[in-house]
Amino acid sequence: MTLSPAASRKTRTPRAPKIVINEDELGHIEALAEGALERNPDLADRLLGELGRARIVKPAKLPADVVSIGRKVTYRDETTGQVKSVTLVYPEEADIDRQRISVMTPIGVALLGLAKGASFFWDTRDDERRTLTVIDVEEFASDS
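As the structure is a computational prediction, the values presented were derived from the model and not from experiment.

The rules behind these values
- Residues numbered from 1 in each chain as written.
- Predicted model: local features only at pLDDT ≥ 70, side-chain atom pairs only at ≥ 80, totals over all residues.
- Heavy atoms only, no water.
- Core = buried A, V, L, I, M, F, W, Y, C linked by side-chain atoms within 4.5 Å.
- Buried < 20%, exposed > 50% of the residue type's maximum accessible area, 1.4 Å probe, protein only.
- Contact = heavy atoms within 4.5 Å.
- Salt bridge = Lys/Arg side-chain N within 4 Å of Asp/Glu carboxyl O.
- Helix = DSSP H or I, 4+ residues; strand = E, 2+ residues; numbered from the N terminus.
- 1 Å grid on protein atoms, 1.4 Å probe; cavity = no way out; pocket = protein on both sides within 12 Å on 5 of 7 lines; lining within 4 Å.
- Points joined across faces, edges and corners; volume = space filled by probe spheres on them.
- Nonpolar A, V, L, I, M, F, W, Y, C, P; charged D, E, K, R; others polar.

1. Quick word on the nonpolar core
Working step 1: Core analysis: the biggest nonpolar cluster contains 35 residues, and L47, V103, L111, L112, L132 and V134 have the highest contact counts within it.
Working step 2: Not counting the four nearest positions on each side in its chain, L111 is found in contact with V67, V73, Y75, V86, I101, L132 and V134.

In structure tokens form, the structure reads like this:
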């Protein structure tokens, strides 16, 4: 008796949640990831992998509850129980004092494209693996 391919593929890695990316942001995010390949290859590879598995949609088709550039996301760190609200932005707009985090950070890569209710793991800058859960996503009016 032989096992089916699915039965023989047992892994301990949690299944990655589906992600959705705004078509208008894809080129900019890909360029950022490719530009970071030499400086931060692990982060760049993770981001390119996420983009490769994402469903790309036109801006009008992007669900309102999906984390995207410029949207405010509230998430819970399942390790600490801490709840935070941040706005996902491009690196040039990042400002931690204003809770604006770059898509080119481990947490930014983990959040990009997730829908409300999704859980996903991310690796901190100290190589600690954490799980986060998206509690809420809302539009954020640009203040620029």
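2. A short note on the pattern of salt bridges
Working step 1: All told, the structure shown has 8 salt bridges when counted by the stated rule.
Working step 2: For E23, the salt bridge goes to K58, with nearest N and O atoms at 3.1 Å. One end of the pair, E23, is in helix α2 (residues 23-35); the other, K58, is in the loop between β2 (55-57) and β3 (71-77), with 35 residues separating them in the sequence.
Working step 3: Note on E23: relative accessible area 37%, which makes it partly exposed.
Working step 4: One salt bridge in this structure joins E78 and R76, with 3.1 Å as the shortest N-O distance.

3. Comments concerning the layout of surface pockets
Working step 1: By volume, the largest pocket is sized at about 420 Å³.
Working step 2: Only β3, β4 (83-89), β5 (100-102) and α4 (106-111) provide two or more residues apiece to the lining of the largest pocket.
Working step 3: The class makeup of the residues in the lining of the largest pocket is 8 nonpolar, 6 polar and 7 charged.
Working step 4: Put simply, the second largest pocket is a space of about 270 Å³.

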